[in-house]
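A closer look at the structure
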Amino acid sequence: MSVNKPNVLFLCTGNSCRSQMAEGFARHLKSDRMNAFSAGIECHGLNENAVAVMAEKGVDISSHTSKVVEELGQIEFDYVVTVCGHANETCPMFRGDCKVIHVGFNDPPQMALAFEDKEQKLECYRKVRDEIEVFIKTLPDNLPGYTEKGND
C-alpha cells in the first residue's frame, strides 16, 4: 500500500522559532506520514535559542532558513497550521482544498524578555518546544478531515 502524504505548512509571524521547531519535529518524527514545511508572514531569521533547544532533543534545525510563504513556490498544501495569533489573523489564502487550523503556542522570545539569565531564557524556549513536540506526535491523525489515502 502506498500512502499519499499530506503537505503541512507550519506558519508563524517571522518563521524564526515556533514554526521552525514544528517543522523540525515533523520532519524528525513524522516524515513517513507527512511532508512538513514552515514559513512566516515576514522573515525574521532563524532564532539561535530555538536551534539550541531543538539540538537538545536531537533535532538539527541549524540549516533551516527563515522564509515567507511565497518562497515555497507552487506547493499545494493540504493543511496550514498557524502556530501564533498574528499568523492566524493574517493568514494568506491558499489554493485548492487547503484546510487552515490554528494551534497557538506562546512566543518564547517574548517570554524570555522577563529574564536576565541565559538559562532562564532557554527554559522559555524548552517549555514551548516540549508543547510543540507533544502536538506534532499527534499528527497527521488529529488534523480535521484527515484520512490516510492509499492504493492497494
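Residues numbered from 1 in each chain as written. Predicted model: local features only at pLDDT ≥ 70, side-chain atom pairs only at ≥ 80, totals over all residues. Heavy atoms only, no water.

This part takes up the pairing of strand β4 (residues 79–82). With burial as the criterion, each face of β4 is covered, one bearing Tyr79 and Val81 and the other bearing Val80 and Thr82. By the bridge criterion, four bridges tie strand β2 (residues 7–12) to β4 in an arrangement that is parallel. Across the sheet, the residue bridging to leucine 11 is threonine 82, located in β4. Both β4 and strand β5 (residues 99–102) contribute to a ladder of four bridges, which runs parallel. Opposite threonine 82, over in β5, you have histidine 102 as the bridge partner. (Buried < 20%, exposed > 50% of the residue type's maximum accessible area, 1.4 Å probe, protein only. Helix = DSSP H or I, 4+ residues; strand = E, 2+ residues; numbered from the N terminus. Pairing = 2+ DSSP bridges.)

One pass over the full model with this rule turns up twelve salt bridges. As a salt-bridge pair, aspartate 130 and lysine 57 come within 3.8 Å of each other at their nearest N and O atoms. One end of the pair, aspartate 130, is in helix α5 (residues 118–136); the other, lysine 57, is in the loop between α2 (48–56) and β4, with 73 residues separating them in the sequence. What makes aspartate 130 partly exposed here is its relative accessible area of 30%. Look at lysine 57 and you get partly exposed, because its relative accessible area is 36%. The partner of glutamate 123 in a salt bridge is arginine 126, with the nearest N and O atoms 2.8 Å apart. On the criterion of helical spacing, the pair formed by glutamate 123 and arginine 126 is a turn pair, its members being three residues apart in helix α5. Connected through shared salt-bridge partners, Glu56, Lys57, Glu119, Glu123, Arg126, Arg129, Asp130, Glu133 and Lys137 make up one network. (Salt bridge = Lys/Arg side-chain N within 4 Å of Asp/Glu carboxyl O.)

Within the structure shown, the criterion is met by three aromatic pairs. When the centroid spacing of 5.5 Å and the interplanar angle of 75° are considered together, the rings of phenylalanine 37 and phenylalanine 77 count as edge-to-face. Of the two residues, phenylalanine 37 is situated in strand β3 (residues 35–40) and phenylalanine 77 in the loop between α2 and β4; the sequence distance between them amounts to 40 residues. Judged by its relative accessible area of 17%, phenylalanine 37 falls in the buried class. Look at phenylalanine 77 and you get buried, because its relative accessible area is 6%. (Phe/Tyr/Trp six-rings, centres within 6.5 Å; stacked < 30°, edge-to-face > 60°.)

Our focus in this paragraph is the packing of helix α1 (residues 18–30) against α5. At a minimum axis separation of 9 Å, α1 and α5 run at an interaxial angle of 45°. Of the possible angle classes, the one that applies to α1 and α5 is oblique. Viewed along their axes, α1 and α5 form a crossing whose handedness is right-handed. Where α1 approaches α5, its residues Arg18, Met21, Ala22, Phe25, Ala26, Leu29 and Lys30 are matched on the opposing element by Tyr125, Val128, Arg129, Ile132, Glu133 and Ile136. (Axes fitted to C-alpha atoms, helices over the stretch in contact; angles between N-to-C directions. Parallel < 35°, antiparallel > 145°, perpendicular 65-115°, else oblique. Left-handed = near helix turned anticlockwise from the far one by under 90°. Contact = heavy atoms within 4.5 Å.)

Along the chain, asparagine 49 falls in helix α2. Since its relative accessible area comes to 12%, asparagine 49 is described here as buried. What asparagine 49 contacts, discounting residues up to four positions off in sequence, is Lys118, Leu122 and Tyr125.

Let's shift gears to the sheet that holds β5. Read across the sheet, four strands follow the order β3-β2-β4-β5 without closing on themselves; strand pairing throughout is parallel. Of all the strands in the sheet, just β3 and β5 have a single pairing partner and so form its edges. In this sheet, neighbouring strand axes are inclined to one another by 25° on average, regardless of whether the strands run parallel or antiparallel. Across the sheet, α1 touches β2 and β3, and the angle it forms with β3 is around 170°.

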